[in-house]
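Summary of structural features
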Amino acid sequence: MKALILVGGFGTRLRPLTLSVPKPLVDFANKPMILHQIEALKEVGVTEVVLAINYQPEVMLNFLKEFEAKLGIKITCSQETEPLGTAGPLALARDKLLDGSGEPFFVLNSDVISEYPFAELVNFHKSHGGEATIMVTKVDEPSKYGVVVMEEETGRVERFVEKPKIFVGNKINAGIYLLNPSVLDGIKLRPTSIEKEVFPKIASDQKLYAMVLPGFWMDIGQPKDYVTGLRLYLNSLRKKSPSKLAFGLHVIGNVLVHETASIGEGCLIGPDVAIGPGCVVESGVRLSRCTVMRGARIKNHSCISGSIIGWHSTVGQWARIENMTILGEDVHVGDEVYSNGGVVLPHKEIKSNILKPEIVM
């Protein structure tokens, strides 16, 4: 089986992290976002992953070369010269996706994290005999999204309602699809939307089915959702493989600590924290609801909550970092500095307080 991952463009919503690497390579729970997806695809028997991309393919491919060997899966790029929306890339990658086997292929949005129940998706797809299956997830506020209206018993999709004013249902497109090769016949090589053009047509032919995604779901393409996504992911890890989480007197709730990171005396860490490879957390530090990426150093008695600390950054002693502060790569925050929602571009030194959310160039 094959899979296409829609990587797309510049990842502007996750700047300043995406100023250093393409968005799918930004670490999430101590490994690049896209690797969570590729590993799950490999597990269900996918042998080739195609990345639909219009930005920095060399960086992506060089990085993923080592995982190709490690996972034993072929990874190639299909590069757009102009943005093609969410369906155009399927037409562009047509020759890579069609191998004459007639097997369905996966299409994933690269920002989505979940438990990726791909085996169940394959079984469901084969059982209903339709042309395409989309995964849907239940949300509390459906009016912010496009809602999928479906038959509860069979899962057949009746129609889509964009940002409904009155309640029509609470299931939205989760950005995970399994499509028969015949779907490609209906997609032209031009900028086009899979959600607004391709799927409604298949639904009108009564050949589109939806499966409700079990477990959690999050689109982690922007910082506050990234932090929420980490909480949901660690919560799921607690149920599925609790041995991967840290434990001890200094840990509260779900915490993921890379084996090469070091943590000093008298720290209090958690809930919902990920500490990456080679990080140094000195003594008396308080961390909650945050990600500390590879090679960062958090000095004595500093306090970080609801924030993202980029690669190789330093937080000075007695500093306080909170309210969705995001430090890009190699940012150095001085001792006793306070940041309230500062978004700091890479390679900066911060010597004075950031009192309200702002971008620091």
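- With an unreviewed UniProt entry as reference, the protein is termed mannose-1-phosphate guanylyltransferase, source organism Platanthera zijinensis.
- As stated in UniProt under Function (unreviewed entry), the record for the protein gives "Catalyzes a reaction of the Smirnoff-Wheeler pathway, the major route to ascorbate biosynthesis in plants."
- Per its UniProt entry, the protein bears the Pathway (unreviewed entry) comment "Nucleotide-sugar biosynthesis; GDP-alpha-D-mannose biosynthesis; GDP-alpha-D-mannose from alpha-D-mannose 1-phosphate (GTP route): step 1/1."

1. Topic: the overall build of the protein
- If you tally the helices and strands in the protein, you get seven helices and 29 strands.
- In terms of overall dimensions, the protein is globule-like: its C-alpha atoms have a radius of gyration of 21 Å, near the 21 Å expected for 361 residues.
- The principal-axis extents of the C-alpha atoms in the protein amount to approximately 65 × 45 × 40 Å.
- Here the protein displays about 15900 Å² of accessible surface, and carbon together with sulfur accounts for 51% of that area.
- A distance of 2 Å separates the average location of the 39 positive side-chain charges in the protein from that of its 40 negative side-chain charges.

2. Comments concerning the packing of aromatic side chains
- Applying the stated criterion to the full structure yields five aromatic pairs.
- Measuring from centroid to centroid gives 5.6 Å for Phe28 and Tyr233, while their planes differ by 70°, and the two rings are edge-to-face. On the criterion of sequence distance, the pair formed by Phe28 in strand S2 (residues 27-28) and Tyr233 in helix H7 (residues 223-240) is long-range, its members being 205 residues apart. One exposure class covers both Phe28 and Tyr233, and it is buried.
- Judged by centre distance (5.0 Å) and plane angle (50°), the ring pair of Phe106 and Phe118 falls under tilted. Here Phe106, found in strand S6 (residues 105-109), pairs with Phe118, found in helix H5 (residues 118-128); they are twelve residues apart in sequence, far enough to count as distant. Both residues of the pair, Phe106 and Phe118, belong to the buried class.

3. A word on H7
- When the terminal C-alpha atoms of H7 are compared, their 25 Å separation across 18 residues agrees well with the 26 Å that a helix rising 1.5 Å per residue should span.
- Taken residue by residue, H7 has Pro223, Asp225, Tyr226, Val227, Gly229, Leu230, Tyr233, Leu234, Ser236 and Leu237 as its buried positions.

4. Looking at the UniProt feature "domain: Mannose-1-phosphate guanyltransferase C-terminal" (unreviewed entry) in the protein
- Under the present numbering, the feature "domain: Mannose-1-phosphate guanyltransferase C-terminal" (unreviewed entry) in UniProt falls on residues 251-360.
- Secondary structure within residues 251-360 divides into 0% helix and 42% strand; the distance between the first and last C-alpha atoms comes to 32 Å.

5. Brief notes about the sheet that holds strand S20 (residues 297-298)
- Spatially, S15-S18-S20-S22-S25-S28 is the arrangement adopted by the six strands of the open sheet, whose pairing is parallel. With one partner strand each, in any of the chains shown, strand S15 (262-263) and strand S28 (349-350) form the two edges of the open sheet.
- Alignment of strand S25 (residues 332-333) against S28, held across two bridges, turns out to be parallel. Counted as the bridge partner of His332 is Glu349 from S28.

6. A look at the pattern of salt bridges
- Counting across every chain of the model gives 15 salt bridges.
- We note a salt bridge from Lys31 to Glu39, for which the minimum N-O separation is 2.7 Å.
- The closest approach of N and O atoms between Asp185 and Arg94, which form a salt bridge, is 3.2 Å. Taken together, the residues span a long stretch of sequence, with Asp185 in the loop between strand S11 (171-179) and helix H6 (194-204) and Arg94 in helix H4 (residues 94-97) at a distance of 91 residues.
- Taking relative accessible area as the criterion, Asp185 reaches 54% and is therefore assigned exposed.

7. Some thoughts on the pairing of strand S19 (residues 286-292)
- S19 sits mainly inside the fold: five of its seven residues count as buried.
- With two bridges joining them, strand S16 (residues 268-269) and S19 adopt parallel strand pairing. Bridge pairing in S19 links Ile269 to Leu287.
- Two strands pair when backbone bridges link them, and strand S17 (residues 273-275) and S19 are joined in this way by three bridges, in the parallel orientation. Each bridged residue has a counterpart across the sheet, and for Ile275 the counterpart in S19 is Val292.
- In this sheet, strand S21 (residues 303-309) lies alongside S19 in parallel orientation, the contact comprising six bridges. Note that in S21 the partner of Cys290 across the bridge is Ser307.

How each quantity is defined
Residues numbered from 1 in each chain as written. Predicted model: local features only at pLDDT ≥ 70, side-chain atom pairs only at ≥ 80, totals over all residues. Heavy atoms only, no water. UniProt positions renumbered as here; feature names shortened; annotations may be inferred. Helix = DSSP H or I, 4+ residues; strand = E, 2+ residues; numbered from the N terminus. Rg over C-alpha atoms; globule rule 2.2 N^0.38 Å. Areas by Shrake-Rupley, 256 points an atom, 1.4 Å probe, with all protein chains shown as cover. Lys, Arg positive; Asp, Glu negative; His and termini not counted. Charge placed at Lys NZ, Arg CZ, Asp CG, Glu CD. Phe/Tyr/Trp six-rings, centres within 6.5 Å; stacked < 30°, edge-to-face > 60°. Buried < 20%, exposed > 50% of the residue type's maximum accessible area, 1.4 Å probe, protein only. Expected span 1.5 Å × (residues − 1). Pairing = 2+ DSSP bridges. Salt bridge = Lys/Arg side-chain N within 4 Å of Asp/Glu carboxyl O.

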